[in-house]
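Residues per chain are reported as follows:
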Amino acid sequence: MKYQVSDFYFLSSAVGLKARTVEAAYESMCTFIGYPVSMPCLLHAIRGLVAGGFVKVEPDQGHVISATTPLTITPEGQKLAAISPVQKLFGEYKAHQKNEARFCSMERPEVSEDCLTADRVSFDACITRLIRAGDISLPAFDISDAEGGYLKLTVHHPNDGWNGLNDGDRDEDESDPDAAALSYSASVTGTEEQIKAGIRDLIATAHALVTEPPRARKVALHGADRSLLLSLAHASNEQGLVTFRMTVAQIRFNRLRFLGKRDSDLDYAQCGDPIFIHEMTSTEGFAFFDVLANMLARPDLLTEEDFYRLSVIHQKTYNRFTQ
């Protein structure tokens with residue numbers, strides 16, 4: 001497995017700020033991505049960077065990373081992410097892009113997931129501060145742990161209210177599997193395999209949107225409790241402008257028939273009224289902001305193919321949104 005862009009975001013944030021604590025680099029990383037960086041994503045980055053010899057940390061109790069954990073950048077890490085005065089003369093953006101491409105071409109050492117853990121609560125104040133300042137927003141796709149070893153995948157509209165991180169069943173009445181969700185969010189709760197299948201289809205669809213000729217796409221997200229249908233297509237809004245629209249609805253009948261289906265295979269899925277409609281500027285925006293950043297939140301759930309497709313999405317969209 002190669003290093004991911006999220007790993008580089010942490011390293012470059014640490015180098016750029018000359019960060020002395022994990023929190024300083026974490027806050028800059030969140031601001032750059034635009035969403036709260038999940039603990040699995042943060043740990044994936046730190047574990048890989050420590051194993052590669054690019055940063056050093058002094059965890060509490062021998063293995064727990066908290067906001068105040070001391071962070072040291074090694075000469076090797078500095079060399080990979082720093083932008084020299086000469087490089088700045090030719091363009092800081094190009095230098096950053098070159099450093100990132102070189103870093104993401106490197107093989108990531110095999111690392112045990114038990115070597116470091118995170119004290120999530122210690123980072124909550126940082127996230128709250130960034131949200132209140134408007135520096136970050138709610139992710140379009142939020143993956144969280146649920147009771148009984150299940151996972152919960154929530155789809156959010158940008159206008160959805162949010163009072164914290166993964167704060168339980170805040171978005172809908174789960175006592176009735178056919179109950180209508182509230183206006184601006186919907187979720188499915190299921191086994192790891194069910195949620196991973198939805199993640200895989202989202203990534204594959206975003207990949208197709210930026211690498212293939214434009215056409216309407218459909219993705220089904222299945223859980224043990226219900227199934228959601230995401231319809232993705234260009235449409236004209238009330239002002240007559242063409243936008244990229246995601247319509248979220250619940251599959252009402254024979255939902256198991258549509259397991260593993262995508263695109264035209266979902267045309268006959270019978271759905272209720274739309275739970276919400278989210279209009280975006282482009283397919284590239286959906287792929288970059290809603291899929292790339294959000295799916296990297298749980299690297300522990302991704303396959304090598306997922307990582308490859310995410311890297312292609314990054315290559316196809318990065319220049320458009322970061323210059």
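Above this text is the structure in question.
The structure reproduced in this document is the subject of the present report. The numbers attached to residues start from 1 for each chain and follow its sequence in the written order. In keeping with the model being predicted, local features are shown solely for residues with a pLDDT of at least 70 and side-chain atom pairs are shown and tallied solely at 80 or more, while totals for entire chains, interfaces and linings include all residues. To get the side-chain values, take all heavy atoms of the structure and skip hydrogens and water.

Focus: the packing of helix α2 (residues 22-33) against helix α3 (residues 39-52)
Then, in step 1: To obtain an axis, a line is fitted to C-alpha atoms, over the contacting stretch when the element is a helix, and the angle between two such axes runs from 0 to 180 degrees between their N-to-C directions. A run of DSSP states H or I qualifies as a helix once it reaches four residues; a run of E qualifies as a strand once it reaches two. Both are numbered from the N-terminal end. Contact pair α2 / α3: the axes reach a minimum separation of 12 Å and the direction vectors enclose 120°. Viewed along their axes, α2 and α3 form a crossing whose handedness is right-handed. Here Val22, Tyr26 and Met29 of α2 come into contact with α3, specifically with Met39, Cys41, Leu42 and Ile46.
Then, in step 2: Nonpolar residues are Ala, Val, Leu, Ile, Met, Phe, Trp, Tyr, Cys and Pro. Charged residues are Asp, Glu, Lys and Arg, and all others, Gly as well, are polar. For the contact of α2 with α3, a count of residues per class yields 7 nonpolar, no polar and no charged. In this scheme the handedness of a crossing depends on how the near helix is turned from the far one: anticlockwise by less than a right angle means left-handed, clockwise means right-handed. Any two residues whose heavy atoms approach within 4.5 Å at even a single point are treated as in contact.

Things to note about the sheet that holds strand β10 (residues 242-250)
Then, in step 1: In this analysis, strands are considered paired if DSSP registers two or more bridges between them. In spatial order, the strands read β8-β9-β10-β11; together these 4 strands make up an open sheet with antiparallel pairing. Each of the sheet's edge strands pairs with one partner strand only, and the pair in question is β8 (217-222) and β11 (276-280). Along the sheet, successive strands turn relative to each other by an average axial angle of 20°, direction set aside.
Then, in step 2: Bridging between strand β9 (residues 227-236) and β10 involves 9 bridges; their strand directions are antiparallel. Among the inter-strand pairings, Ala233 is bridged to a residue of β10, identified as Arg245.
Then, in step 3: Sheet strands in contact with helix α8 (residues 192-211) are β8, β9 and β10, and its direction is about 165° off that of β8.

What about the pattern of salt bridges?
Then, in step 1: Whenever a carboxyl oxygen of Asp or Glu lies within 4 Å of a side-chain nitrogen of Lys or Arg, that contact is scored as a salt bridge. In the structure shown here, the tally under the stated rule is 15 salt bridges.
Then, in step 2: Here Lys218 and Asp267 are joined by a salt bridge, their closest N and O atoms 3.2 Å apart. Here the residue Lys218 occupies a position in strand β8, and Asp267 occupies one in the loop between β10 and β11, the gap between them amounting to 49 residues.
Then, in step 3: The classification of residues rests on relative accessible area computed with a 1.4 Å probe and restricted to protein chains. Under 20% of the type maximum is buried, over 50% is exposed, and intermediate values are partly exposed. When its relative accessible area of 21% is taken as the criterion, Lys218 is described as partly exposed.
Then, in step 4: In this structure Asp267 comes out as partly exposed when scored by relative accessible area, which is 44%.
Then, in step 5: Residues Arg309 and Glu305 are paired through a salt bridge, measuring 3.2 Å at the closest nitrogen-oxygen approach.

A short note on the side chain of Gln4
Then, in step 1: Among the structural elements, Gln4 can be located in the segment before α1 (5-17).
Then, in step 2: Contact partners of Gln4, with chain neighbours within four places excluded, come to Phe103, Cys104 and Phe307.

Structural notes on α8
Then, in step 1: The span you would expect from a helix comes to 1.5 Å times its residue count less one. Between its first and last C-alpha atoms α8 spans 28 Å; for 20 residues at 1.5 Å apiece the expected length is 28 Å, and the two agree.
Then, in step 2: Of all the 20 residues making up α8, 14 are buried; the element is thus mostly covered by neighbouring parts of the structure.

Some remarks on the nonpolar core
Then, in step 1: What we call a nonpolar core is a set of buried Ala, Val, Leu, Ile, Met, Phe, Trp, Tyr and Cys residues that are connected through their side-chain atoms within 4.5 Å. Grouped together as the largest cluster of nonpolar side chains are 79 residues, with contacts concentrated most on Phe10, Phe141 and Met246.
Then, in step 2: Judged by nonpolar contacts, the second largest core, of 6 residues, contains Leu229, Ile251, Phe258 and Ala269.

Some words on the packing of aromatic side chains
Then, in step 1: Two aromatic rings, drawn from Phe, Tyr or Trp (for Trp, its six-membered ring), form a pair once their centres lie within 6.5 Å of each other, and the interplanar angle then sorts them: stacked below 30 degrees, edge-to-face above 60, tilted otherwise. Scanning all chains against the criterion turns up 9 aromatic pairs.
Then, in step 2: Taken together, the aromatic side chains of Tyr3, Phe8, Phe54 and Phe103 make up a single cluster linked through ring pairs.

What about the sheet that holds strand β5 (residues 141-145)?
Then, in step 1: Strands sit in the order β5-β6-β7 across an open sheet of 3 strands; the sheet is antiparallel. Lying at the two open borders of the sheet, with one neighbouring strand each, are β5 and β7 (185-190). Each strand of the sheet is rotated relative to its neighbour by a mean of 20°, with strand direction disregarded.
Then, in step 2: Pairing geometry for strand β6 (residues 151-156) and β7, over 6 bridges, is antiparallel. What sits directly across from His156, in β7, is Ser185.
Then, in step 3: Running over the sheet, α8 touches β5, β6 and β7 and is turned about 130° from β7.

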